[in-house]
Amino acid sequence: MAELEVADLIEAVTRRVLAQLGQVDPGRSHGDVSAQATGPYDPTRPLVAANWKMNACAEGIVPYLADLAAADTAVDLLLFPPAVLLRAVADEVIRVGRPDFGVGSQDLHPQPNGAHTGEHSGALIRAAGGTWTLVGHSERRQAGETDAQVCRKIHAGLDAGLGVMVCVGESIEARRTGATFRVLRNQLLAALGDTALQPPAPQRLAVAYEPLWAIGTGEVATLDQIQEATAFVRRVVAEIYDFARARDIRVVYGGSVKPGNAREIMSEPDVNGLLVGGASLKGPSFRAIADASALVVATRRQP
Ligand code: PGA
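Quantities reported herein were computed from a predicted structural model and do not represent experimental measurements. (Residues numbered from 1 in each chain as written. Predicted model: local features only at pLDDT ≥ 70, side-chain atom pairs only at ≥ 80, totals over all residues. Heavy atoms only, no water.)

K.L.:
Please provide a residue-by-residue account of the overall build of the protein chain, values included.
P.N.:
Per the secondary structure count, the protein chain includes 12 helices and 8 strands. Put simply, the protein chain has 303 residues, and 52% of those count as buried. Within the protein chain, contacts between residues separated by at least 24 positions form 75% of all contacts whose residues are at least 6 apart in sequence. Surface accessibility of the protein chain: about 13400 Å² in total, with carbon and sulfur atoms responsible for 56%. (Helix = DSSP H or I, 4+ residues; strand = E, 2+ residues; numbered from the N terminus. Buried < 20%, exposed > 50% of the residue type's maximum accessible area, 1.4 Å probe, protein only. Contact = heavy atoms within 4.5 Å. Areas by Shrake-Rupley, 256 points an atom, 1.4 Å probe, with all protein chains shown as cover.)

As structure tokens, then:
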């Protein structure tokens, strides 16, 4: 039996077993991690993600998703709630009729299971309805996560069938001393270099450029800085994989994104989406950011 057929068979059996356990919708497949409703993967669709961090969304999950359900369908929306809320958010996404929304964890453990108190593996994230994971967020790196751990977590997420959004970004010192590109390049090579021989499908990977000094500070990078850095990220992704993947992997910006600045940030040519912290905690605010992103794409497509 060809290698692909074996892989497909294992996938089908795994899905059936998990479905019997009531853990996943049997209709969902790995293709769904692109958080796209229908049709083949389209890298020009913006990927707009909410990182709730260690917060419940302000108004509660039900009203939040009732608001978000009306968001423009031209955008792939992705929610990273605290892990304990994953199942509740995944269920609500289905209930409001937006199974195209991705739901993911803010971190994962590199091991598939074992004696790791307080941690959650890729398989557990999937069992809770998750389709994505965030890896290497700067707040985790500041808490001691190393480049090597980020790399292992990316492998674990991909192996578990999750989409992976990996975060990179420079400190204010690096920016001031002209080390931004060196930092970004080193982080990307350490995170993704190891996957070069078996590159993930473009819809399974996204890179978030988040300058540390813009996270939660209200200080947004300038449009020039955002464009320059996201274009640089894409160049390094091309160096690691190839030009086609660099074109098709979505590079998103994060750091004090709000409804008022989403549109101009999304208008930069190398920005394919946004990772939103504080402004994603309220449904109307996150929806306004999603809709502003959709508008940019609609305008771009006009002849
Ligand atoms: P912020 O957070 O939008 O509150 O700056 C972004 C992030 O940390 O992902």
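K.L.:
Go over helix α12 (residues 283-301), please, and point to the residues and values.
P.N.:
Residues three or four positions apart in an α-helix share a direction because the helix packs 3.6 residues into each turn. Its 19 residues give α12 an end-to-end C-alpha distance of 27 Å, which sits within 8% of 27 Å, the value for a rise of 1.5 Å per residue. Residues of α12 that are buried include every one of G283, S285, F286, I289, A290, A292, S293, A294, V296 and V297, and no others. Each element contacted by the buried residues of α12 is listed here: β1 (47-51), α2 (61-68), β2 (76-80), α11 (259-266) and β8 (273-276). (Expected span 1.5 Å × (residues − 1).)

K.L.:
Residues and numbers for unusual backbone geometry, please.
P.N.:
The phi angle at K53 is positive, at roughly 55 degrees, despite the residue not being glycine. Within the secondary structure, K53 is located in the loop between β1 and α2.

K.L.:
Run through the packing of α2 against helix α3 (residues 86-95), naming residues and quoting values.
P.N.:
Direction vectors running N to C along α2 and α3 enclose 40 degrees, while the axes themselves pass 10 Å from each other. Classified by the angle their axes make, α2 and α3 are oblique. For the pair α2 and α3, the crossing hand works out as right-handed. Contacts between α2 and α3 pair I61, V62 and L65 from the former with A88, V89, E92, V93 and R95 from the latter. Residue composition of the contact of α2 with α3, by class: 6 nonpolar, no polar and 2 charged. (Axes fitted to C-alpha atoms, helices over the stretch in contact; angles between N-to-C directions. Parallel < 35°, antiparallel > 145°, perpendicular 65-115°, else oblique. Left-handed = near helix turned anticlockwise from the far one by under 90°. Nonpolar A, V, L, I, M, F, W, Y, C, P; charged D, E, K, R; others polar.)

K.L.:
Before we move on, could you go through the sheet that holds strand β4 (residues 132-135) and cite the residues and values that matter?
P.N.:
If you trace the 8 strands once around the closed barrel, you get β1-β2-β3-β4-β5-β6-β7-β8, paired in parallel fashion. This sheet shows a mean twist of 25 degrees between the axes of neighbouring strands, independent of strand direction. Across the sheet, α3 lies against β2 and β3 (102-105), angled at about 175 degrees from β3, the strand it touches most. (Pairing = 2+ DSSP bridges.)

K.L.:
Please give an account of the confidence of the model for the protein chain that cites residues and values.
P.N.:
Chain-level pLDDT for the protein chain is 89 on average; 86% of the residues reach the 70-or-more range. Across residues 6-32, where pLDDT falls below 50, the model places 26 contacts with residues more than four positions away in sequence or in other chains. (pLDDT = per-residue confidence, 0-100.)

K.L.:
So what's going on with α2? Which residues, and what values?
P.N.:
Taken together, the buried positions of α2 are occupied by I61, Y64, L65 and L68. One face of α2 carries all of its buried residues, which in axial projection span an arc of 90 degrees. Taken together, the buried residues of α2 touch β1, β2, α3 and α12. (Arc of directions from axis to C-beta.)

K.L.:
Summarise the pairing of β1; cite the residues concerned and give the values.
P.N.:
Counting buried positions along β1 gives 5 out of 5 residues, so the element sits mostly inside the fold. Regarding the hand of the β-α-β motif, the stretch spanning β1, α2 and β2 is right-handed. (Right-handed = clockwise from strand over helix to strand, strands pointing away.)

K.L.:
Which residues make up the environment of E268, and what values do they have?
P.N.:
Among the secondary structure elements, E268 is positioned in the loop between α11 and β8. Along the sequence, E268 and E228 sit 40 residues apart, while their C-alpha atoms lie 9.5 Å from each other. Other than its neighbours up to four places away in sequence, E268 contacts L223, Q227 and R300.

K.L.:
I'd like a rundown of the site of the ligand, residues and numbers included.
P.N.:
By nearness alone, 13 residues border the ligand, and K53, H137, E210, G216 and S256 come closest of all. G216 is positioned with one of its backbone polar atoms (N or O) 2.6 Å from an oxygen atom of the ligand. Burial of the ligand by the protein amounts to 95% of the accessible area it has alone, namely 280 Å². Of the residues contributing to the shell around the ligand, the split by class is 4 nonpolar, 7 polar and 2 charged. (Near = heavy atom within 4 Å. Polar contact = N/O pair within 3.5 Å; in protein donor to acceptor, adjacent residues only side chain to side chain.)

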